[in-house]
Number of protein chains: 2
Amino acid sequence: MAPQRKAQQLGIRDEVAALKRSRTIAAAVELFYEKGYENTTLDAVAERLGVTKPFIYAHFSSKGELLAEICSRGIASSLEAMDSVLPLKASPTEKLRVLGERFVRAVLTSQMHIAIFSREEKNLAVADFNRINDMRRDFDRKLTALLREGIEAGEFHVSDAHMAALAIGGMVSWAYVWYRPDGRLSLDEVVDRMALLILDMVNADTGKG
Amino acid sequence: MAPQRKAQQLGIRDEVAALKRSRTIAAAVELFYEKGYENTTLDAVAERLGVTKPFIYAHFSSKGELLAEICSRGIASSLEAMDSVLPLKASPTEKLRVLGERFVRAVLTSQMHIAIFSREEKNLAVADFNRINDMRRDFDRKLTALLREGIEAGEFHVSDAHMAALAIGGMVSWAYVWYRPDGRLSLDEVVDRMALLILDMVNADTGKG
């Protein structure tokens, strides 16, 4: 078999595996959200997918692993947003604006995952719970550092960068509670307006006067 | 019996009833928080209090009524803060500052109640869930109106008052997730700093330049 051919086949196999994983997660999100984690069996997840339980076990060792995957989605996406923004060659103000947009989008497209995390955190294995909390702390640390960078550059004016980071994290994370995909504003509008409110909170000079 | 004597006795009876209710709620908060609502019986609440179940039934008709009382605490205290501030003869900036302080304090002193609400909202009776949601909407409406008042007075500068109200509600409500009573800052310090961040978010002129 030519190396190229092999790589291509592996690529397809990986894609199929990723697709199966993501479909399994989507079905579990629906059921955990509707019925709760404790009232949902892996059989029910398999049934919703129209497959048998071994299909699921090929990708997840347990219901608990599925829960951990779902509960970490919101903060994992938020950290991805953070890590995509920090290396940008841009001013702290511009970085914070882009981060705000990507962070809000990450939260609003993980709305059900975050709701499940809020409800089911007690059902997480201790190691998973700690890992997710470490990710949250990592996010807060990186956001605090970005705010300090802006303060030192004279672009942001806040007296307590860490508290401001927690406040920004909260105003965005809480959006999972009130956001409605069919609401008054489109996703893009909510993203833009929340990002501006973040810049306002740190008193960034956005040229609004 | 002299009317005065009767009033005094009724006063004591009311106080005793209020004390029993609040002790029952406190025990239920502990147990719902530790073990979850579904894993807690009224017998366990009675045991924690060192009383028998009829003691509890004298004040709550069911476990569901206890849950509703606990879940509504955070928003009820926040609405009390709102309603105590709106009639003040003060500028919108001063009202928002005082509201921020009282709202943050209301949330941080209802931390476990809010955590239980986030986890257990699915276990609320529909009528209780709707009543709590109506209180939240009432809070958002009143906060939006206060922000509009400040915008019209030229004191606040925000383009979308409703979105800013949701952002403020979120940054404060989410504090139940990260606040630790034994943390870096005292309750009073967190209250002061969060209140200032709220004023920053609406670009209030707080004399900081």
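Quick notes on the rules
Residues numbered from 1 in each chain as written. Chains lettered and ligands numbered in written order. Predicted model: local features only at pLDDT ≥ 70, side-chain atom pairs only at ≥ 80, totals over all residues. Heavy atoms only, no water. Contact = heavy atoms within 4.5 Å. Buried area = accessible area lost by both parts, 1.4 Å probe. Salt bridge = Lys/Arg side-chain N within 4 Å of Asp/Glu carboxyl O. Polar contact = N/O pair within 3.5 Å; in protein donor to acceptor, adjacent residues only side chain to side chain. Axes fitted to C-alpha atoms, helices over the stretch in contact; angles between N-to-C directions. Helix = DSSP H or I, 4+ residues; strand = E, 2+ residues; numbered from the N terminus. Parallel < 35°, antiparallel > 145°, perpendicular 65-115°, else oblique. UniProt positions renumbered as here; feature names shortened; annotations may be inferred. Phe/Tyr/Trp six-rings, centres within 6.5 Å; stacked < 30°, edge-to-face > 60°. Buried < 20%, exposed > 50% of the residue type's maximum accessible area, 1.4 Å probe, protein only. Lys NZ or Arg CZ within 6 Å of the ring centre and 35° of its normal.

**Points about the interface of chain B and chain A**
In step 1: Listed per partner, the contact involves 36 residues of chain B and 36 residues of chain A.
In step 2: For the pair chain B and chain A, the summed buried surface comes to about 3,000 Å²; carbon and sulfur atoms form 62% of the total.
In step 3: Put simply, chain B and chain A have four salt bridges between them.
In step 4: Measuring nitrogen to oxygen at the nearest pair gives 2.6 Å for the salt bridge that ties B:Arg193 to A:Asp160.
In step 5: Taken together, chain B and chain A are joined by 12 residue pairs in polar contact (both at pLDDT 80 or more).

**Overview of the packing of helix H5 (residues 92–108) of chain B against helix H8 (residues 161–173) of chain B**
All names here are of chain B.
In step 1: At a minimum axis separation of 9 Å, H5 and H8 run at an interaxial angle of 40°. When the axes of H5 and H8 are compared, the pair comes out oblique. Together, Phe103, Val104 and Val107 of H5 and Ile168, Gly169, Val172 and Ser173 of H8 make up the contact between the two elements.

**A word on the UniProt feature "domain: HTH tetR-type" (unreviewed entry) in chain A**
In step 1: The positions that UniProt labels "domain: HTH tetR-type" (unreviewed entry) are, in the present scheme, residues 18–78 of chain A.
In step 2: Within residues 18–78 of chain A, the helical portion is 77% and the strand portion 0%, while the C-alpha atoms at the span's ends are 20 Å from each other.

**Re the packing of aromatic side chains**
Residue and element names in this part refer to chain A.
In step 1: Under the defined criterion, the tally for this structure stands at four aromatic pairs over all chains.
In step 2: Geometrically, the ring pair formed by Phe32 and Tyr37 is edge-to-face, given 5.2 Å between the ring centres and 80° between the ring planes.
In step 3: Owing to a relative accessible area of 10%, Tyr37 belongs among the buried residues under this scheme.
In step 4: For the pair Phe103 and Phe139, a centre-to-centre distance of 4.7 Å together with 45° between the ring planes defines the contact as tilted. With Phe103 in helix H5 (residues 92–108) and Phe139 in helix H7 (residues 126–152), this residue pair connects regions lying 36 residues apart in the sequence.
In step 5: The side chain of Lys63 reaches across the aromatic face of Tyr37, ending 4.2 Å from its centre.
In step 6: The lysine or arginine in question, Arg119, covers the ring of Tyr33, its NZ or CZ lying 4.5 Å from the ring centre.

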